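The chain contents come next:
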Amino acid sequence: MHGTLGTTIATWRTSAHLTQQQLADLSGISQGMISYIERDLRPHVSLHTIMALACALHCTLTTLVQGKTPPS
């Protein structure tokens, strides 16, 4: 079963050994917004935001949206 978008982003971020602030710096998305997304407090996340996070996490938008986990 796939997780939520927020859970997927958190999984990719921790797998990359990044803090929320580091991901914010890499993606241009605020740390507060990343926190909201990871806690599923932001029900609608823009395509631009998902693309920026995917780029910073070195994965595809599809990977995040489909809830795929990072390779081991």
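Residues numbered from 1 in each chain as written. Predicted model: local features only at pLDDT ≥ 70, side-chain atom pairs only at ≥ 80, totals over all residues. Heavy atoms only, no water.

A closer look at the nonpolar core
Put simply, the rule is: What we call a nonpolar core is a set of buried Ala, Val, Leu, Ile, Met, Phe, Trp, Tyr and Cys residues that are connected through their side-chain atoms within 4.5 Å. Think of it in three bands: with a 1.4 Å probe and only protein chains considered, a residue is buried below 20% of the maximum accessible area for its type, exposed above 50%, and partly exposed in between. A run of H or I in DSSP becomes a helix once it reaches four residues, and a run of E becomes a strand once it reaches two; helices and strands are each numbered from the N terminus. Contacts are assigned to residue pairs that have any heavy atoms within 4.5 Å of one another.
Within the largest apolar cluster, 17 residues are counted, with the highest numbers of intra-cluster contacts made by Ile-9, Leu-23, Ile-34, Leu-53, Leu-57, Cys-59 and Leu-64. In terms of residues, this core owes the most to one element, helix H4 (residues 47–56), which gives 5 residues. Ignoring anything within four residues of it in the chain, the contact list for Ile-34 reads Gln-20, Leu-23, Ala-24, Ser-27, Ile-29 and Leu-53.

A word on the side chain of Gln-20
Where we set the bar: We define a polar contact as two N or O atoms separated by no more than 3.5 Å, with the added condition that, inside protein, one atom must be a possible hydrogen donor and the other a possible acceptor, whereas residues neighbouring each other in sequence contribute only through side-chain atom pairs.
Tracing the chain through its elements places Gln-20 in helix H2 (residues 20–27). Using a relative accessible area of 19% as the deciding quantity, one classes Gln-20 as buried. A polar side-chain atom of Gln-20 sits 2.6 Å from a polar atom in the side chain of Gln-31.

Overview of the side chain of Glu-38
Its place among the elements puts Glu-38 in helix H3 (residues 31–38). Looking at Glu-38, the relative accessible area reads 12%, which means it is buried. A polar contact of 2.7 Å, which involves the side chain of Glu-38, links it to the side chain of Arg-13. Excluding residues that lie within four positions of it along the chain, Glu-38 makes contacts with Gly-6, Thr-7, Ile-9, Ala-10, Arg-13 and Gln-20.

Digging into unusual backbone geometry
Phi is positive for Asp-40, close to 60°, though the residue is something other than glycine. Relative to the helices and strands, Asp-40 is located in the loop between H3 and H4. Within the chain, His-58 stands out as a residue other than glycine whose phi angle is a positive 60°. As for its position among the elements, His-58 is in the loop between H4 and helix H5 (61–65). For His-58, a relative accessible area of 73% translates into the label exposed.

Geometric descriptors of this kind do not, in isolation, establish any biological role.
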